[in-house]
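# A closer look at the structure
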Amino acid sequence: MSDIKNIDLKVEGKKRIEWAAKDMPVLDIIKNDFTKSKSLKGTTISCCLHVTAETANLMIALKAGGAKVLLCASNPLSTQDDVAASLVADYGIDVYAIKGEDSKTYFSHIKSVLDAHPDIIMDDGADLVSELHKNRVAQIPEIKGSTEETTTGVVRLQSLAKSGKLLFPVIAVNESKTKHMFDNRYGTGQSSLDGIIRATNKLLAGSVFVVAGFGWCGKGLAMRARGMGAKVIVTEIDPVKALEASMEGFDVMSMKDAVKNADFICTVTGNKHILREEHFKVMKDGCIISNSGHFDIEIDLVALKKMSKKVTNVRPFNEEYTLTNGKSVFVIAEGRLVNLGSAEGHPSSVMDMSFANQALAGEMIAKQHKTLSKEVHTLPEDIDIRIANLKLKALGISIDKLTPDQKKYMGSWEEGTN
Ligand code: ADE
């Protein structure tokens, strides 16, 4: 069973999946290992991930390992309908996802993948784990564990664990260095700009571009916006990160001050209502606002709607809010993840490492669930190192090795000032 937009889109979807695979050599090695080891045999893995060409390659790798795989979307606007069609038609994977699905359909799709009685969960944002803990407790004894892709999901799960209510082990894939240092930074940096540009075709050079949040994602976005010639302002609530942004050469100020001159504002904080009534009131006419944090609550769209005379679609994924004060504000991709809503998400080359971590986390749960405590775990460091080495090799980069003497020196305390 599946619920997708149109199976006839499969031809385009297959081409897209195959194109992405070319830049996913590490996942390909893991897929080949899985094909031999069948280490996921007998498992049912329900996944709630962005339905993209990169995710398709992860699903194919899991299936090669012997798992039964089901996939639903982790965001109502991030699905690539052609990829969904190809996964169903060409790869025999059940998919429940339609780009632009309403909230009711989104949650019915979450239910569908859980109705398959999975024993392993793969989440991006913790919606499956949340549904299991809230409404499907009877199913929990069947669950060996879950993996979590994103910062926001990890924060939710850590808070669940802290309250003592987490009922199975979780592996926080986001915490691997080969995930967050690359996907969050270079992936978000490039793909968010891609989304903003596709929806507006505006020139960034010379513009004032405000980045809210200077975590890994914000760092990447600020760096890339500067690279396109924008004058970048960073807003933060964390004094250390604010200082870091300042010493990176960005202007740092409060959002109230930043909005006054902003041509573009993109929120990447993981928190809510970063842009709200007090900010909308003082925005420049024509300001373009978007969000690249996981949930669509960083921009208070309810308040914006209340302040508006009308909302008009002006381009794909671009809505003009005409305010009662006569000015206009443009919202990209409905305030949902701009990189997946109005573009195609992170490039395959970074998702290669993220999904290598996902695949190995799934395997770790399949093999070690009996000894894993009901906590939020990270993948062991040797997995990070293996993935980094495989990626370097695929990129044709060789690095130095410690000499025996250097190794000894690094493990000793005796040698100091000469
Ligand atoms: N998250 C960000 N970009 C993605 C992509 N291309 N595929 C799946 N998840 C993503």
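Everything discussed here concerns the structure shown above.
Residues numbered from 1 in each chain as written. Predicted model: local features only at pLDDT ≥ 70, side-chain atom pairs only at ≥ 80, totals over all residues. Heavy atoms only, no water.

## Re the overall build of the protein chain
Regarding its fold elements, the protein chain presents 17 helices and 15 strands. With the principal axes as the frame, the protein chain shows a C-alpha extent of 70 × 65 × 45 Å. Looking at the protein chain residue by residue over its 418 residues, the buried ones come to 53%. With an accessible surface of roughly 19,100 Å², the protein chain has 53% of that area assigned to carbon and sulfur atoms. The averaged location of the 53 negative side-chain charges in the protein chain is 2 Å from the averaged location of its 53 positive side-chain charges. (Helix = DSSP H or I, 4+ residues; strand = E, 2+ residues; numbered from the N terminus. Buried < 20%, exposed > 50% of the residue type's maximum accessible area, 1.4 Å probe, protein only. Areas by Shrake-Rupley, 256 points an atom, 1.4 Å probe, with all protein chains shown as cover. Lys, Arg positive; Asp, Glu negative; His and termini not counted. Charge placed at Lys NZ, Arg CZ, Asp CG, Glu CD.)

## Structural notes on the pairing of strand β2 (residues 68-72)
For β2, the tally of buried residues reaches 4 of 5 residues, placing the bulk of the element in the interior. The parallel pair strand β1 (residues 44-48) and β2 is bridged by helix α3 (residues 53-64), and the resulting crossover is right-handed. When β2 meets strand β3 (residues 94-96), the two strands line up parallel, connected through 3 bridges. The residue of β3 that forms the bridge with L70 is D94. Read as a crossover between parallel neighbours, the route from β2 over helix α4 (residues 81-91) to β3 is right-handed. (Right-handed = clockwise from strand over helix to strand, strands pointing away. Pairing = 2+ DSSP bridges.)

## Considerations on empty space enclosed by the protein
Under the criterion given, the structure shown has 1 cavity of 30 Å³ or more. Looking at the largest cavity, its volume works out to about 30 Å³. Together, T152, G270, N271, H294, F295, I297 and E298 line the largest cavity. Along the lines of polarity and charge, the residues of the lining of the largest cavity split into 2 nonpolar, 4 polar and 1 charged. (1 Å grid on protein atoms, 1.4 Å probe; cavity = no way out; pocket = protein on both sides within 12 Å on 5 of 7 lines; lining within 4 Å. Points joined across faces, edges and corners; volume = space filled by probe spheres on them. Nonpolar A, V, L, I, M, F, W, Y, C, P; charged D, E, K, R; others polar.)

## Observations regarding unusual backbone geometry
What is expected of a backbone is that most residues other than glycine have negative phi and most peptide bonds are trans. Unlike most non-glycine residues, N201 shows phi in positive territory, near 50°. If you trace the backbone, N201 turns up in the loop between α8 (177-200) and β7 (208-212). Its relative accessible area of 59% is what places N201 among the exposed residues. One non-glycine residue, F317, lies in positive phi territory at about 60°. With respect to the helices and strands, F317 occurs in the loop between β12 (308-315) and β13 (318-323).

## Focus: the site of the ligand
Taken together, the neighbourhood of the ligand is formed by H50, T52, E54, T55, L340, E344, G345, H346, M351 and F355. Within the side chain of T52, an N or O atom sits 2.7 Å from a nitrogen atom of the ligand. Contacts to the ligand include H346, whose backbone N or O atom sits 2.8 Å from a nitrogen atom. Expressed as a share of its isolated accessible area of 260 Å², the protein-covered part of the ligand is 95%. (Near = heavy atom within 4 Å. Polar contact = N/O pair within 3.5 Å; in protein donor to acceptor, adjacent residues only side chain to side chain.)

## Regarding the nonpolar core
Formed by 51 residues in total, the largest nonpolar core has its most connected members in I45, C47, L58, M59, L62, L87 and V95. Ranked by residue count, the leading element in this core is helix α15 (residues 348-368), at 10 residues. Setting aside chain neighbours within four positions, we find L58 in contact with L27, L49, M122, F355, Q358 and A359. Formed by 25 residues, the second largest nonpolar core is a distinct cluster that contains C217, C266, A333 and V338. (Core = buried A, V, L, I, M, F, W, Y, C linked by side-chain atoms within 4.5 Å. Contact = heavy atoms within 4.5 Å.)

## With respect to the sheet that holds β7
If you walk across this open sheet you meet the 8 strands as β9-β8-β7-β10-β11-β14-β13-β12, and the pairing is mixed. The open sheet terminates on both sides in strands that have one partner only, identified here as β9 (251-252) and β12. Direction of pairing for β7 relative to strand β10 (residues 264-267): parallel, over a ladder of 4 bridges. Residue pairing across strands places A212 opposite T267, the latter belonging to β10. Running over the sheet, helix α9 (residues 216-227) touches β7, β8 (231-235) and β10 and is turned about 170° from β7. (Axes fitted to C-alpha atoms, helices over the stretch in contact; angles between N-to-C directions.)

## Description of the pattern of salt bridges
Across all of its chains, the model carries 22 salt bridges by this definition. Two residues, R276 and E278, come together in a salt bridge whose shortest N-O distance is 2.7 Å. On the accessibility criterion, R276 (34% relative accessible area) is partly exposed. Where K281 meets E277, a salt bridge forms, and the shortest distance between an N and an O atom there is 3.9 Å. Taken together, the positions of K281 and E277, both in helix α12 (residues 277-282) and 4 residues apart, correspond to about one turn of that helix. E277 gets classed as partly exposed once you look at its relative accessible area, which sits at 40%. One continuous salt-bridge network, built from bridges that share partners, spans R16, D82, D194, R198 and E344. (Salt bridge = Lys/Arg side-chain N within 4 Å of Asp/Glu carboxyl O.)

## Let's talk about α15
A rise of 1.5 Å per residue sets the reference length of α15, with its 21 residues, at 30 Å; its end C-alpha atoms lie 29 Å apart and thus fit the reference within 8%. Counting buried positions along α15 yields 18 of 21 residues, so the element is predominantly enclosed. (Expected span 1.5 Å × (residues − 1).)

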